[in-house]
Amino acid sequence: MPILYFSYVALDTPSACQTHTLGILGGFAANGCRLDAVVPRPSVPLPQRELIKFHFLNPYHGGRRYVLREVLASAAVLWSLCRRHHFDAIYARDMDVFVGPRLCSQFFGIPLYLEVDDTPVERDYPGLIRKAVELNLKLDYRQAAGLIVPSLPRCRIINRQYQVPWPKIHLILNGTDELDWGLLPTKAEARQRLGLPADSFCLGYLGVIYERYDFATMLTAMAICLPLIPNLFFIIVGGGSSLEDVKRQAVNLGLADRVVFTGFLPPEKFAQVLPAMD
């Protein structure tokens, strides 16, 4: 099954974006799909798979300075691929202002499947741009044959705010490769490796550390609960642009010795940490 894949995410550094993107592509390839993947060019080579051919855009710079250029460039690359090859489906992630997948789906009659990575519209868009993004997403959702959504609240938002019918919305939670359950540490062993007391009560977070996930509220709530739960700790697994800010917030709230930051961990390391969380 030939699939055209598009995602505009940072693949340069280990993060959820990198592991998720490569995991999706690897999953398709493992099931016999042939993929043409249009992604930003990373600074380090990506793993080569027999059924995956990469078509690189300009490197991902972050922010919105080069977004218009990348919208046009990605649309041109996708259009060229659709003219030269037959695809049974288009799978796209992180759309926002990108229009190429929808236009190719409409013109070439290829079913479009969209993975809704974030809340439908990020909170930090300026007013006019936010309205344009909302309109673009509405058109995307209308054209899509199916939406892959990783949380129930997002499913409800898409249904109510964008009037997308429920049969088009598919709740598929993010996951990881199958674990070797026989090698999992006990809760006490996992906590010992992290330097935590065996009788601690551990909150946990696994994901990218961005401002929009509101760690300030999580840490403030933890500080309020600490007198009532003296053995309370917080394990934060992941990296991201707000990591240092979150560390400073923990220090300012007097939680420096109560919050464990592991940094980014590859999926194969999750099993060593997750058992420590309550």
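Our structure is the block above this text.
Criteria and thresholds
- Residues numbered from 1 in each chain as written.
- Predicted model: local features only at pLDDT ≥ 70, side-chain atom pairs only at ≥ 80, totals over all residues.
- Heavy atoms only, no water.
- Salt bridge = Lys/Arg side-chain N within 4 Å of Asp/Glu carboxyl O.
- Buried < 20%, exposed > 50% of the residue type's maximum accessible area, 1.4 Å probe, protein only.
- Helix = DSSP H or I, 4+ residues; strand = E, 2+ residues; numbered from the N terminus.
- Phe/Tyr/Trp six-rings, centres within 6.5 Å; stacked < 30°, edge-to-face > 60°.
- Lys NZ or Arg CZ within 6 Å of the ring centre and 35° of its normal.
- Core = buried A, V, L, I, M, F, W, Y, C linked by side-chain atoms within 4.5 Å.

Time to look at the pattern of salt bridges. Scanning all chains against the criterion turns up 9 salt bridges. Across the salt bridge formed by Asp36 and Arg34, the nearest N and O atoms sit 3.0 Å from each other. By relative accessible area, which is 3% here, Asp36 ends up buried. You can call Arg34 partly exposed: its relative accessible area is 35%. Notably, a salt bridge pairs Arg130 with Glu134, separated by 3.7 Å at the nearest N-O pair. With Arg130 and Glu134 both in helix H4 (residues 127-143) and 4 residues apart, the pair spans about one turn of that helix. Given the relative accessible area of 27%, Arg130 is considered partly exposed. Each of Lys187, Arg191 and Asp278 takes part in a single network of salt bridges with overlapping partners.

To describe a pair of aromatic rings, you give the distance between the ring centres and the angle between the ring planes. For the coordinates displayed, the defined rule picks out 11 aromatic pairs. When the ring of Phe54 is compared with that of Phe56, the centres are 5.7 Å apart and the planes differ by 5°; the resulting orientation is stacked. When its relative accessible area of 14% is taken as the criterion, Phe54 is described as buried. Using a relative accessible area of 30% as the deciding quantity, one classes Phe56 as partly exposed. For the pair Phe107 and Phe108, a centre-to-centre distance of 5.0 Å together with 75° between the ring planes defines the contact as edge-to-face. The exposure class of Phe107 is exposed, given its relative accessible area of 56%. Of the aromatic side chains, those joined through ring pairs into one cluster are Phe6, Tyr8, Tyr60 and Phe98. Sitting above the plane of the Phe261 ring, Lys247 keeps its charged end 5.8 Å from the centroid. Between the NZ or CZ atom of Arg258 and the centre of the ring of Phe233, over which it lies, the distance is 4.8 Å.

This paragraph deals with the nonpolar core. Grouped together as the largest cluster of nonpolar side chains are 33 residues, with contacts concentrated most on Leu4, Phe6, Leu114, Tyr141, Leu147 and Ile158. It is helix H2 (residues 67-84) that provides the largest number of residues to this core, a total of 5 residues.

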